Amino acid sequence: MTQPAPVRAVGVRDVAAHAGVSTQTVSRVLNGHPHIRPETRQRVLDAIQALGYRINNAARALGTSTSRTLGVVASDAALYGPAEGVAALEAAARTGGRWIATAYADAADASSVEAAVGHLLAQGVDGIVLVAPHTRTLEAATMAAPGVPIVALHGGTGAATQSAGAALAVAYLLDLGHRRIAEVAGPGDWLEARARARGVADALDSAGLTLAARWEGDWSAAAGYALAEAVADALGREQAPTALAVANDQMALGLMAGLRARGIDAPGAVSVVGFDDNPDSAFYLPALTTVRLDLASEARRVVAEVVGAPGGAFVEPPLLVVRDSALPRRD
């Protein structure tokens, strides 16, 4: 029986011909050369995808000391923020001619984080990005990969954007006339939760105010619902909060549902502002006023930082999305 002729692997020349560029240009795109016009880079990336070109990262690593692959250690991937973070990093890396390898870890278990980091290092990744990092995740990863660039999504300079977003939410409530503002914070060992809480505190401090009350949840809608009992109790007291700054939309969803189950209307009795602008927040009851972060630009910043790209990347400022869950103070 006649054997079928072997299928020739797609090569750089094929990519160059398909994109209408030189092989040198293809090589420069693959190696992340900074001085490539965006439209040219995109043509090459589109040709790579269309032709199914596969880069031999092992061979490249031997010849260039780089695998063009970034490692991502992710935890709590069932939550909206971490899941969207991984997707944004994949898109940002691909735009720069890079790929990501993802390992999931239990952030509460240092050995799990160390194993995830070890798995990525065995693949020759050029650096590691941490998604949904707890303080202990960052510490364990740094210990497991000395000398390897490690950057946390929304960490470092990205934390300032988180704080600015939370301050924006409080400033909006202040503009509505609220002076007794309470906070539903995220878990205290999360870097993002700390940054958002810092923004709330700074905005109140600038207005000469302090928190009317504070509760802490685990980011989930279930946590928000469970906290509704304590919040409802506080709303029944003298000098009750008139507005709530909630650290993410999912907790805001659960909280509003829990208050409604107790006969308390939001925003009639208390205004609520969330954070993240997840895709469902416009359909909450009431539609949630929230803060939107530009995750795509934050992902580009992180990729640029972990690969040491000159100049880094600009991160878009947070945006307040005004809907129905916050009203002017009535008392």
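Everything discussed here concerns the structure shown above.
Residues numbered from 1 in each chain as written. Predicted model: local features only at pLDDT ≥ 70, side-chain atom pairs only at ≥ 80, totals over all residues. Heavy atoms only, no water.

Asks: I'm lost on the packing of helix H6 (residues 110–122) against helix H7 (residues 135–144) in this one. Help?
Replies: How two helices sit against one another is set out by the angle between their axes and by the gap between those axes. Interhelical geometry of H6 versus H7 gives an angle of 45° and a closest axis separation of 9 Å. When the axes of H6 and H7 are compared, the pair comes out oblique. Crossing hand, H6 versus H7: right-handed. Here H6 contributes Ala 110, Val 113, Glu 114, Val 117 and Leu 121 to the contact with H7, which in turn contributes Thr 137, Ala 140, Ala 141 and Ala 144. (Axes fitted to C-alpha atoms, helices over the stretch in contact; angles between N-to-C directions. Helix = DSSP H or I, 4+ residues; strand = E, 2+ residues; numbered from the N terminus. Parallel < 35°, antiparallel > 145°, perpendicular 65-115°, else oblique. Left-handed = near helix turned anticlockwise from the far one by under 90°. Contact = heavy atoms within 4.5 Å.)

Asks: How do you make sense of the packing of aromatic side chains when you look at a structure like this?
Replies: When we look at a pair of aromatic rings, we describe it by the centre distance and by the angle of the planes. In this structure the tally under the stated criterion is one aromatic pair. Measuring from ring centre to ring centre gives 5.5 Å for Trp 190 and Trp 219, while their planes differ by 70°; the resulting arrangement is edge-to-face. Of the two residues, Trp 190 is situated in the loop between strand E5 (181–185) and helix H9 (191–206) and Trp 219 in the loop between strand E6 (214–216) and helix H10 (221–235); the sequence distance between them amounts to 29 residues. Each member of the pair, Trp 190 as well as Trp 219, is classed as buried. (Phe/Tyr/Trp six-rings, centres within 6.5 Å; stacked < 30°, edge-to-face > 60°. Buried < 20%, exposed > 50% of the residue type's maximum accessible area, 1.4 Å probe, protein only.)

Asks: What exactly am I supposed to notice about the pairing of strand E7 (residues 243–246) here?
Replies: On a regular strand, one side chain projects to one face of the sheet and the next to the other, so that they alternate. Covered by surrounding structure in E7 are Ala 243 and Ala 245 together with Leu 244 and Val 246, the residues of both alternating faces. As paired strands, E5 and E7 are joined by four bridges and run parallel to one another. Bridge pairing in E7 places Ile 181 opposite Ala 243. Note that E7 and strand E8 (residues 271–273) share three bridges and pair parallel. Residue Ala 243 lies in a different strand from E8, and its bridge partner there is Ser 271. In this view, the connection linking E7 to its parallel neighbour E8 by way of helix H11 (residues 249–261) has right-handed handedness. (Pairing = 2+ DSSP bridges. Right-handed = clockwise from strand over helix to strand, strands pointing away.)

Asks: Please clarify how a negative patch on the surface should be interpreted in this entry.
Replies: A cluster of like negative charges, contributed by Asp 76, Asp 106, Asp 109, Glu 114 and Asp 218, occupies part of the molecular surface. Mapping Asp 106 onto the fold places it in the loop between strand E2 (99–104) and H6. Residue classification places Asp 106 among the partly exposed positions, given a relative accessible area of 43%. (Patch = residues over 30% accessible without salt bridge, like charges linked within 9 Å, V, L, I, M, F, W, Y side chains within 5 Å. Areas by Shrake-Rupley, 256 points an atom, 1.4 Å probe, with all protein chains shown as cover. Salt bridge = Lys/Arg side-chain N within 4 Å of Asp/Glu carboxyl O. Lys, Arg positive; Asp, Glu negative; His and termini not counted. Charge placed at Lys NZ, Arg CZ, Asp CG, Glu CD.)

Asks: So what exactly am I meant to see when it comes to the sheet that holds strand E3 (residues 128–131) here?
Replies: By way of backbone hydrogen bonds, the strands of a sheet pair with one another, either parallel or antiparallel. With parallel pairing, four strands are arranged side by side in an open sheet as E2-E1-E3-E4. Strands at the two margins of the open sheet, each flanked by one partner only, are E2 and strand E4 (150–152). Each adjacent strand pair in this sheet contributes to an overall mean axis angle of 25°, direction not counted. The sheet contact formed by strand E1 (residues 69–74) and E2 spans six bridges and is parallel. Bridge pairing links Ala 74 to Tyr 104 in E2.

Asks: Got a minute to help me understand the nonpolar core in this structure?
Replies: Within soluble globular proteins, side chains that are nonpolar tend to cluster in buried spots. Counting 45 residues, the largest nonpolar core has Leu 89, Trp 215, Leu 244 and Leu 259 as the members making the most contacts within it. For this core, the secondary structure elements donating two or more residues are E1, helix H5 (80–95), E3, E5, H10, E7, H11 and helix H12 (295–307). In terms of residue count, H10 provides more of this core than any other element does, six residues in total. Sequence-distant contacts of Leu 259, that is, excluding residues within four places in its chain, are made with Ala 228, Val 231, Ala 232, Leu 235, Ile 264 and Val 270. (Core = buried A, V, L, I, M, F, W, Y, C linked by side-chain atoms within 4.5 Å.)

Asks: Would you explain the sheet that holds E8 in this entry?
Replies: The strand order across the open sheet built from four strands is E6-E5-E7-E8, with neighbouring strands paired in parallel fashion. Sheet topology places E6 and E8 at the edges, where each strand pairs with a single neighbour. Adjacent strand axes in the sheet meet at a mean angle of 20° when their direction is disregarded. Against the sheet, helix H8 (residues 158–175) touches E5, E7 and E8, its axis set at about 155° to E8.

Geometric descriptors of this kind do not, in isolation, establish any biological role.
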